[in-house]
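Notes for the structure review
Chain residues, written in single-letter form:
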Amino acid sequence: MIRNIAIASVLAMAATSVVGGDAGYVQSIEKYRAQRLETLTGPSGWLTLIGLEWLKPGANSIGTAADNDIVLKAGPAHLGVITLHADGSSEIVFADHAEAAVDGKIVPRATLVDDAAANASPSQVTFGTASFYVIVRDGRRALRVKDSAAPTRTGFQGLDYFDIDPSWRVVADWVPFDTPHFLEIGSVLGTVDKERVPGKAVFERNGHRFELFPIQEDATSLFFVIADRTSGKETYGAARFLTTTMPVDGKLVLDFNKATNPPCAFTPYATCPLAPPENRLDVRVTAGELKYKGSHH
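The structure reproduced in this document is the subject of the present report. Keep in mind that this is a model prediction, so the values were computed, not measured.

Quick look at the overall build of the protein chain
Regarding its fold elements, the protein chain presents 3 helices and 16 strands. Taken against the 2.2 N^0.38 rule, which gives 19 Å for 297 residues, the C-alpha radius of gyration of the protein chain at 21 Å falls within 12% of a compact globule. With respect to the three principal axes, the spread of C-alpha positions in the protein chain is 65 × 50 × 30 Å. Within the protein chain, buried positions represent 48% of all 297 residues. Restricting the contact set of the protein chain to residue pairs at least 6 apart, pairs at least 24 apart contribute 57%. Summed over all atoms, the accessible surface of the protein chain reaches about 14,700 Å², with 51% contributed by carbon and sulfur.

A look at the sheet that holds strand β2 (residues 58–63)
Spatially, β3-β2-β4-β5-β7 is the arrangement adopted by the 5 strands of the open sheet, whose pairing is mixed. Of all the strands in the sheet, just β3 (70–71) and β7 (109–112) have a single pairing partner and so form its edges. As paired elements, strand β4 (residues 80–84) and strand β5 (residues 90–94) share 5 bridges and run antiparallel to each other. Bridging across to β5, I82 finds its partner in I92.

Some thoughts on the side chain of T260
By the secondary structure assignment, T260 is in the segment after β16 (251–255). Ignoring sequence-local partners within four residues, the contact set of T260 consists of Y32, R36, R240, F241 and E289.

Some points on the packing of aromatic side chains
How two aromatic rings sit relative to each other is set out by the distance from centre to centre and by the angle between their planes. Applying the stated rule across the entire model yields 9 aromatic pairs. Their ring planes at 65 degrees and their centres at 6.4 Å tell us that F156 and F266 sit as a pair that is edge-to-face. Taken together, the residues F156 in the loop between α3 (151–154) and β11 (169–186) and F266 in the segment after β16 connect sequence positions 110 residues apart. Classification of F156 as buried rests on a relative accessible area of 11%. Measuring from ring centre to ring centre gives 6.2 Å for F177 and F213, while their planes differ by 20 degrees; the resulting arrangement is stacked. Of this pair, F177 sits in strand β11 while F213 sits in the loop between β13 (208–212) and β14 (221–226), and the two are 36 residues apart along the sequence. Members of the aromatic cluster, each reached through a chain of ring pairs, are W168, F203, F210 and F256.

A short note on the nonpolar core
Residues L79, I92, F132 and L143 are the most contacted members of the largest nonpolar core, which totals 24 residues. For this core, the leading source of residues is strand β9 (residues 130–137), giving 3 residues. Dropping the residues within four chain positions of it, L143 is found in contact with G51, L52, E53, L55, I62, I70, I82, F132, Y133 and V134. Of all hydrophobic cores here, the second largest spans 19 residues; its members include W168, A172, A201 and V283.

Conventions and cut-offs
- Residues numbered from 1 in each chain as written.
- Predicted model: local features only at pLDDT ≥ 70, side-chain atom pairs only at ≥ 80, totals over all residues.
- Heavy atoms only, no water.
- Helix = DSSP H or I, 4+ residues; strand = E, 2+ residues; numbered from the N terminus.
- Rg over C-alpha atoms; globule rule 2.2 N^0.38 Å.
- Buried < 20%, exposed > 50% of the residue type's maximum accessible area, 1.4 Å probe, protein only.
- Contact = heavy atoms within 4.5 Å.
- Areas by Shrake-Rupley, 256 points an atom, 1.4 Å probe, with all protein chains shown as cover.
- Pairing = 2+ DSSP bridges.
- Phe/Tyr/Trp six-rings, centres within 6.5 Å; stacked < 30°, edge-to-face > 60°.
- Core = buried A, V, L, I, M, F, W, Y, C linked by side-chain atoms within 4.5 Å.

If you want it as structure tokens, here you go:
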């Protein structure tokens, strides 16, 4: 119900706030935003996060009771014990009557696959409306804990946008890098990762030249972490995200009407990247998602 009301709200807002432009293009942005909202508010979306719990080497007791090493916000008082081994592998042994499952199967114990494993999805531990899986960040391992009944989901206040502006659908020149090029991208955790950059997008706006550097996470798209002169004011301060298809014939479409907030705008339990200096545009990008009006504190 929450999701359906929110989607209807976004479509109504978009229909009444369009500034000119082609009707087909406007409709495509409305559809994109509705899909974005549906994913965000879904039962496993970012709004369901209720914890980011770091594992210490050895045994980690978990549950909602205060005597656990890791105190969860949902679930039984004593769920079990996760052991983090020296080789980075982890194993869970459930407490009696825990009523939990691993990848849909009720088992007394299981080895947990983390999100850094090649060609395998992380093991999903489920209990009631809650779940978690193991993530790897900067060589450390943590539990990403979710709950479909999380207050951030049930109390979600919707998404707000700048008016749809077709002029912010920019066709940029794509300049591939012949030699390896790396970009240092920080995170809200204080870590810095070196990401390989396949090239740069170059475009002009109001007589000024701008460049943006993406990272490539798969074979079909490019991912930009950007900031601009609206950041921290109308839009989320740390960054916004923009995903594009791959360039064609030396051209790349940057549609800033599809710029979105990172998960950290909605929850304190995400591990979001920050916009690198190279991607901080000295211009007000008045398109895409506005700052979230709710609070996760």
